[in-house]
Amino acid sequence: MSFDFPSDLIEASLTCKNLREELEALPVDEVTRADGTPVERKRTAKAYTEDEAADVAQMRADRLEAAEFVVTHPFWESVPAEDRMKARAALKHHGESD
């Protein structure tokens, strides 16, 4: 099934994906999964400076804004309810090569 996603929805989805990847690549002491299981990652640099912490906070805010835009986009109202999961999965992988 093919979906004709609006360009602003594609752009917001890509922004959200890119910011998630950037945030996941940041050095951290410990990450906790949703189930509470800790996943340790070694910090490769000293603690964040105030400017770095502000940058990370801004990236998180930008990602949240992009995710909210994707989830609440009017496009989803044009997709039959039974096809929305397929459409969301297709958007998530939009532009990936097979």
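Keep in mind that what you see is a predicted model, and the values were worked out from it rather than measured.

Scoring rules and cut-offs
- Every chain begins its residue count from 1, and numbering advances along the sequence as written.
- The predicted nature of this model means local features are confined to residues of pLDDT at least 70 and side-chain atom pairs, given and counted, to a pLDDT of 80 or more, with totals for whole chains, interfaces and linings taken over all residues.
- Heavy atoms throughout the structure, all of them, feed into the side-chain values; hydrogens and water do not.
- Secondary structure counts use DSSP, requiring at least four H or I residues in a row for a helix and at least two E residues in a row for a strand, with both numbered from the N terminus.
- Accessible area is worked out with a 1.4 Å probe on protein chains only. A residue is then buried under 20% of its type maximum, exposed over 50%, and partly exposed in between.
- Working rule for contacts: check all heavy atoms of both residues, and any pair within 4.5 Å makes them a contact.
- For a helix, the expected span equals 1.5 Å multiplied by the residue count minus one.
- Patch membership is restricted to residues that have no salt bridge and whose relative accessible area is over 30%. Joining uses 9 Å for like charges and 5 Å for the nonpolar side chains Val, Leu, Ile, Met, Phe, Trp and Tyr.
- In this description, accessible areas are obtained by the Shrake-Rupley approach with a 1.4 Å probe, and a residue is regarded as covered only by the protein chains that are shown.
- Each salt bridge in this description consists of a side-chain nitrogen of Lys or Arg and a carboxyl oxygen of Asp or Glu lying within 4 Å of one another.
- The charge count includes Lys and Arg as positive and Asp and Glu as negative, but it does not include His or the ends of the chains.
- To locate a charge, take atom NZ for lysine, CZ for arginine, CG for aspartate or CD for glutamate.
- Angles run from 0 to 180 degrees between N-to-C directions of axes, and those axes are lines fitted to C-alpha atoms, restricted for helices to the stretch in contact.
- Handedness of a helix crossing follows the sense of rotation of the near helix relative to the far helix, less than a right angle counterclockwise being left-handed and clockwise being right-handed.
- Classification used: nonpolar for Ala, Val, Leu, Ile, Met, Phe, Trp, Tyr, Cys and Pro, charged for Asp, Glu, Lys and Arg, polar for all others including Gly.

(A) Region of the structure containing the overall build of the chain. A count of helical and extended segments in the chain gives three helices and two strands. Listed by position from the N terminus, the elements making up the chain come as α-β-β-α-α. Here the chain holds 98 residues, and the buried ones make up 22% of them. Relative to all contacts within the chain whose residues are 6 or more apart in sequence, the contacts with residues 24 or more apart total 57%.

(B) Focus on helix α1 (residues 7-25). Between the first and last C-alpha of α1 there are 27 Å, a value that for 19 residues agrees with the 27 Å anticipated at 1.5 Å per step. Against the buried residues of α1 lie α2 (50-72) and α3 (84-92).

(C) Local environment of the environment of phenylalanine 75. Take phenylalanine 75: it is sitting in the loop between α2 and α3. Sequence spacing of phenylalanine 75 and leucine 9 is 66 residues, and the spatial spacing of their C-alpha atoms is 8.1 Å. In contact with phenylalanine 75, other than residues within four places in its own chain, are Phe3, Asp4, Phe5, Pro6 and Leu9.

(D) Structural detail: a negative patch on the surface. Together, Glu50, Asp51, Glu52 and Asp55 make up a negatively charged patch on the protein surface. As for its placement among the helices and strands, glutamate 52 is situated in helix α2. For glutamate 52, a relative accessible area of 36% translates into the label partly exposed.

(E) Spotlight on the packing of α1 against α2. Running from N to C, α1 and α2 cross one another at 145°; their axes reach a closest spacing of 8 Å. Where α1 crosses over α2, the handedness of that crossing is left-handed. Along its contact with α1, which presents Asp8, Leu9, Ala12, Ser13, Thr15, Cys16, Leu19, Arg20, Glu22 and Leu23, the element α2 presents Val56, Met59, Arg60, Asp62, Arg63, Ala66, Ala67, Phe69 and Val70. Across the contact of α1 with α2, the residue classes break down as 11 nonpolar, two polar and six charged.

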